[in-house]
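One-letter residues, chain by chain:
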Amino acid sequence: MFLKQLHLINFKNIKLAQLQLREGINCFVGSNGAGKTNMLDAIYYMSFCKSFFNPVDSQNVNHDNDFFVIQGTYDLNDQEEHIYCGLKKGQKKQFKRNKKEYDKLSNHIGLLPLVMISPQDDALIVEGSELRRKYVDSVISQYDKTYLDQLIKYNKVISQRNVFLKNNSVLNAEVHNMLDVWDIQIIALGEKIASARRQFLAELKLVFHEMYNFISDNNEVVEFEYKSQLNADDFAEDLKEARQRDVVLGYSTKGIHKDDVEFKIGGYPIKKMGSQGQKKTFLISLKLGQFIFLARHKKVKPILLLDDIFDKLDRQRGDRLIELVGGDNFNQIFITDTQINRIEPILKRINKQNSIFEVKNGEFVSYQMNE
């Protein structure tokens, strides 16, 4: 799979761009704020129906306009796929595949598998558990539609339960009876979701270790561990015991919506003990492991987006990363960087066709094409 053509109108600081893209490596080079990352975000948008950076769709419209359009033409299993996304402020977003609008955006997720590695990934380490859950959920949802449906249902149940809790401050028999109804669903859906998360993370862990050991030259011991309340001996009883607290707080304190994934280096939390280079290596390895995982399950090589990837990596780790992405496991790669003198030597060492685009003030000019 690869993206052949991309057409943008009024997306962030990009007022107009029409690009012909390579199946190998496409590089966007320019100063900070020029629009390089915005271009990657548009590509991400076509896979996930939303921005990687800003979930508020209207805030992705160019400031001087009231709409944006993203259009892409893909080669997917030797078939052309045309994707259209249009948004006008105050109106419903349109998302179409081959001119046919989706009934539900969730039906699109997984069609165009994609992995993005960005400086914003640091939040997976330094921020709270919600981001790590969302990361796990987004990967599984790309290859398991049943999981996505279960997750949507679970979140709806939790939302309804929370509204009920906010409107009831006394835990009486009637409240207990209503909570029984929701808790049956929380347990049934939660067990399926937790099981899928455990299975995914167990398989991801194997590839993650392979990636990390290669990039770091086996210099560190890293690990991640899934923490779920459903591992308790009697989760149903835990839900009941938490009801008084739930009523006081006005929200549900138990369930798989509180799960977490612990990242460790040398047996300690990497958040506290890891250097910047170790943290970046950890996140890159996690995402590359995700890439290999998706490729195996989808039978299609995802698109790989590398945003400012070489910052904070020493020369040795950067060289090993180049060696990895230059291999046959990867097909179409998009790279952003501020320095052309850093990109050119990299491209010479990777045996893939490539293009370089110079980016200035949201405008893209192709100034080098190599076979």
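Keep in mind it's a predicted model, so treat the numbers as computed, not measured.

Here is what the cut-offs are and how they apply
- Residues numbered from 1 in each chain as written.
- Predicted model: local features only at pLDDT ≥ 70, side-chain atom pairs only at ≥ 80, totals over all residues.
- Heavy atoms only, no water.
- Helix = DSSP H or I, 4+ residues; strand = E, 2+ residues; numbered from the N terminus.
- Polar contact = N/O pair within 3.5 Å; in protein donor to acceptor, adjacent residues only side chain to side chain.
- Contact = heavy atoms within 4.5 Å.
- Buried < 20%, exposed > 50% of the residue type's maximum accessible area, 1.4 Å probe, protein only.
- Pairing = 2+ DSSP bridges.
- Axes fitted to C-alpha atoms, helices over the stretch in contact; angles between N-to-C directions.
- 1 Å grid on protein atoms, 1.4 Å probe; cavity = no way out; pocket = protein on both sides within 12 Å on 5 of 7 lines; lining within 4 Å.
- Points joined across faces, edges and corners; volume = space filled by probe spheres on them.
- Nonpolar A, V, L, I, M, F, W, Y, C, P; charged D, E, K, R; others polar.

Draft legend 1. Looking closely at the side chain of T281. Positionally, T281 belongs in helix α9 (residues 276-298). At a separation of 2.7 Å, a polar atom in the side chain of T281 contacts the main-chain carbonyl oxygen of G277. In this structure T281 touches Y212, I215, L313 and R317, once residues within four positions along its chain are discounted.

Draft legend 2. Region of the structure containing the environment of R197. Looking at the secondary structure, you find R197 in helix α5 (residues 173-216). A residue is classified by how much of its surface remains accessible, and R197, at 3% relative accessible area, is buried. Not counting the four nearest positions on each side in its chain, R197 is found in contact with R133, V136, D137, I140, Y147, L151, Y226, I256 and D259.

Draft legend 3. Structural detail: the sheet that holds strand β4 (residues 67-76). Ordered by their spatial adjacency, six strands build an open sheet running β2-β1-β4-β5-β6-β7, and the pairing between neighbours is antiparallel. The open sheet has two free edges, formed respectively by β2 (14-20) and β7 (100-101), since each of these has just one partner strand. Bridge analysis of strand β6 (residues 94-97) against β7 gives two bridges, and the strand direction is antiparallel. For K96, the partnering residue across the bridge sits in β7 and is E101. Packing of helix α1 (residues 36-48) onto the sheet brings it into contact with β1 (2-11), β2, β4, β5 (79-88) and β6, and relative to β1 it is tilted by some 110°.

Draft legend 4. Inspection of empty space enclosed by the protein at higher detail. Evaluation of the coordinates by the stated rule reveals one cavity of 30 Å³ or more. For the largest cavity, the calculated volume is near 40 Å³. In terms of lining residues, the largest cavity is bounded by R132, Y135, V136, L201, L204, F224, V261, F263 and L286. Per-element accounting of the lining of the largest cavity gives the leading share, three residues, to helix α3 (residues 129-141). Across the lining of the largest cavity, the residue classes tally to eight nonpolar, no polar and one charged.

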